[in-house]
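Geometric and topological summary
For reference, the chains in residue letters:
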Amino acid sequence: MDKLKLRREINAARTSLSPEQLRTNAIKVRETLLDQPWVQMAGLVACYWSTGSEPDTHGLVFALWKHGATVILPVLRADNDLDWAVYDGPDTLAPGRYGIMEPVDTRRGVDAIRTAALVIVPALAVDRRTGVRLGRGGGSYDRALARVGPNVPTVALLHDGELVEGVPTEPHDCHVRFAMTPDGLTSLM
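About the cut-offs
Residues numbered from 1 in each chain as written. Predicted model: local features only at pLDDT ≥ 70, side-chain atom pairs only at ≥ 80, totals over all residues. Heavy atoms only, no water. Helix = DSSP H or I, 4+ residues; strand = E, 2+ residues; numbered from the N terminus. Rg over C-alpha atoms; globule rule 2.2 N^0.38 Å. Buried < 20%, exposed > 50% of the residue type's maximum accessible area, 1.4 Å probe, protein only. Contact = heavy atoms within 4.5 Å. Phe/Tyr/Trp six-rings, centres within 6.5 Å; stacked < 30°, edge-to-face > 60°. Salt bridge = Lys/Arg side-chain N within 4 Å of Asp/Glu carboxyl O. Disulfide = S-S within 2.5 Å.

As a further point, take the overall build of the protein. Helices and strands together make up the secondary structure of the protein, namely 5 helices and 12 strands. A compact globule built from 189 residues would reach a C-alpha radius of gyration of about 16 Å, and the protein, at 15 Å, matches this within 12%. If you line up the protein on its principal axes, its C-alpha atoms span 40 × 35 × 35 Å. Counting every position in the protein, which comprises 189 residues, the buried fraction comes to 50%. Within the protein, contacts between residues separated by at least 24 positions form 66% of all contacts whose residues are at least 6 apart in sequence.

See below:
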């Protein structure tokens, strides 16, 4: 299966999820992640502000922040690379490019992700054998993940059924170390 076809299938499945299922999934993902000691100890967390039918991160970002972590969220640059800025509560976000909420704090640069102790990224699917993630196709997160150290936990958030056998791979595609679904956390490496 090619990436375009897989993206279409997953987006169609996500569109069919009810608001109640999306809420339930978000709670399960948030609670399971927050129970992990390596998440609790992470002082600087790179995450993202979910949109649409993506696994919801709003409660997760808020909980990490309230528990004392410094959370950085991406700011999409004109070249589709990701800059990073600090989340300092829900009132510190404003619509950015494509209407996605972004922090209004000072930009920290594309290399800010290098200092994160935990990196949480969006994905449409993850290959359960290799950890390769399928994104939306812009390459923004592959560039960001390429800057992350090899021992830093990288977690892709997924809905059930999105941890799959076989994601088409290209040389620039990056792996994640964990996949988080409502059914639980899966170590991939």
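Let us look at the packing of aromatic side chains. Any two aromatic rings considered together are summarised by their centre-to-centre distance and by the angle between their planes. By the definition in use, this model includes 4 aromatic pairs. Centre to centre, the rings of W38 and F178 are 4.8 Å apart; their planes meet at 20°, and the pair counts as stacked. In this pair, W38 sits in helix α3 (residues 37–40) while F178 sits in strand β11 (residues 178–181), placing the two residues 140 residues apart along the sequence. Among the residues examined, W38 registers a relative accessible area of 24% and is labelled partly exposed.

Evaluated as defined, the whole model comprises 13 salt bridges. Here R14 makes a salt bridge to E162, at a shortest N to O gap of 2.8 Å. Here R14 is found in helix α1 (residues 3–15), whereas its partner E162 is found in the loop between β9 (154–157) and β10 (163–164), with 148 residues between them in sequence. In terms of burial, R14 and E162 fall into one category: buried. R133 is the salt-bridge partner of D142, the closest N and O atoms lying 3.8 Å from each other. D142 sits in the buried class, given a relative accessible area of 10%. The class of R133 is buried, set by a relative accessible area of 5%. One network of salt bridges, in which partners are shared, links D81, D111, R114 and R147.

Next up on the list: the state of the cysteines. All told, the structure shown has 0 disulfides when counted by the stated rule. Left without a disulfide partner, C47 is nearest to the cysteine sulfur of C174, which lies 18 Å away. Note on C47: relative accessible area 0%, which makes it buried. Under the relative-accessibility criterion, C174 is labelled buried at 15%.

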